[in-house]
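A structural walkthrough
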Amino acid sequence: MSSFFTGRPVESNRILYTPSEFAKTNLLHLQEIGQLQAKKPHTNSRSKLNSYLFFVVKDGSGILHYDGKDYELSKGSLVFIDCYKPYSHTSSENLWTLQWAHFYGPNMNGIYQKYAERGGKPCFTSSHKEEYLQLLTDLHALAASDDYIKDMKIFQKLSSLLTLLMEDSWAPSDNQK
């Protein structure tokens with residue numbers, strides 16, 4: 001399940017996760033999780049994926065291009081985006097290390113819409129960075145485990161991640177929702 005990729009632009013330790021049919025149909029579920037370290041500046045771009053991406057810039061810097069805007073990212077930046085929309089992220093000369101998760105669920109479109117309505121932004125900083133990193137670490141360990149109820153435990157961790165994102169998104173002065 002776990003892979004270590006050594007390529008020219010990045011080194012990556014990731015798990016491509018295959019949830020059960022039950023999880024795909026009923027739960028928030030993991031699709032991919034990992035960490036990468038850039039070895040030289042590179043760009044990763046995607047679009048039209050039924051997926052949501054959350055990542056933390058653990059070190060270094062770069063640019064996120066999303067929804068027609070560029071966001072400067074540096075150590076401590078957090079990103080939460082809808083991968084159906086075209087996006088790209090590019091490391092700078094100050095090579096970055098990212099920890100990420102791609103996930104989805106039957107209710108994610110509504111959850112992300114509520115996140116945005118509450119003031120949630122594609123890129124932000126948080127005093128809860130260590131909690132986010134711990135959730136990503138826990139999700140990675142669960143995905144690699146043989147736990148017979150891991151889809152439920154992954155659902156629980158993804159729910160905790162989304163709860164924390166909703167707490168960080170709350171900006172009543174920015175909107176009336």
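Here goes a summary of the coordinates provided. The shown structure was predicted, so the numbers you read here are calculated from the model rather than taken from an experiment.

This part covers the pattern of salt bridges. Pairing of side chains with opposite charge becomes possible as their charged atoms draw close. By the definition in use, this model includes six salt bridges. Among the ionic pairs, Lys85 bridges to Asp67, the shortest N-O distance being 3.5 Å. One end of the pair, Lys85, is in the loop between β8 (78-82) and β9 (87-91); the other, Asp67, is in the loop between β6 (61-66) and β7 (69-74), with 18 residues separating them in the sequence. By relative accessible area, which is 33% here, Lys85 ends up partly exposed. According to the relative accessible area criterion, Asp67 is partly exposed, its value standing at 49%. A salt bridge links Lys157 to Asp138; the shortest N-O distance between them is 3.1 Å. Residue Lys157 is found in helix α4 (residues 150-169), and its partner Asp138 is found in helix α3 (residues 129-144); the two are separated by 19 residues along the sequence. Taking relative accessible area as the criterion, Lys157 reaches 23% and is therefore assigned partly exposed. Relative accessible area serves as the criterion here: at 23%, Asp138 is assigned to the partly exposed category.

What follows is about the packing of aromatic side chains. Enumeration according to the criterion identifies ten aromatic pairs in this entry. Aromatic side chains Phe54 and Tyr132 sit 5.1 Å apart centroid to centroid with 35° between the ring planes, which places their arrangement in the tilted category. With Phe54 in strand β5 (residues 52-59) and Tyr132 in helix α3, the pair connects residues that are 78 residues apart, well separated along the chain. Judged by its relative accessible area of 0%, Tyr132 falls in the buried class. With 4.9 Å between their ring centres and 65° between their planes, Phe80 and Tyr112 make a pair best called edge-to-face. Note that Phe80 is positioned in strand β8 and Tyr112 in helix α2 (residues 108-117), a separation of 32 residues in sequence. Among the residues examined, Phe80 registers a relative accessible area of 1% and is labelled buried. Exposure remark for Tyr112: the relative accessible area of 10% places this residue in the buried category.

The rules behind each value
Along each chain, numbering runs from 1 in the same order as the chain's sequence is written. Restriction of local features to residues with pLDDT of at least 70 applies here, the model being predicted, together with a cutoff of 80 or more for giving and counting side-chain atom pairs; totals for whole chains, interfaces and linings are based on all residues. As a convention, hydrogens and water are excluded, and side-chain values are obtained from all of the structure's heavy atoms. Between Lys or Arg on one side and Asp or Glu on the other, a salt bridge is scored when a side-chain nitrogen of the former is within 4 Å of a carboxyl oxygen of the latter. Numbering goes from the N terminus for both helices and strands, where a helix is a DSSP run of H or I of at least four residues and a strand is a run of E of at least two. Only protein chains enter the area calculation, which uses a 1.4 Å probe; residues under 20% of their type maximum are buried, those over 50% are exposed, and those in between are partly exposed. Only Phe, Tyr and Trp rings take part, Trp by its six-membered ring, and two of them pair if their centres are within 6.5 Å. Stacked means planes under 30 degrees apart, edge-to-face means over 60, and tilted covers everything else.

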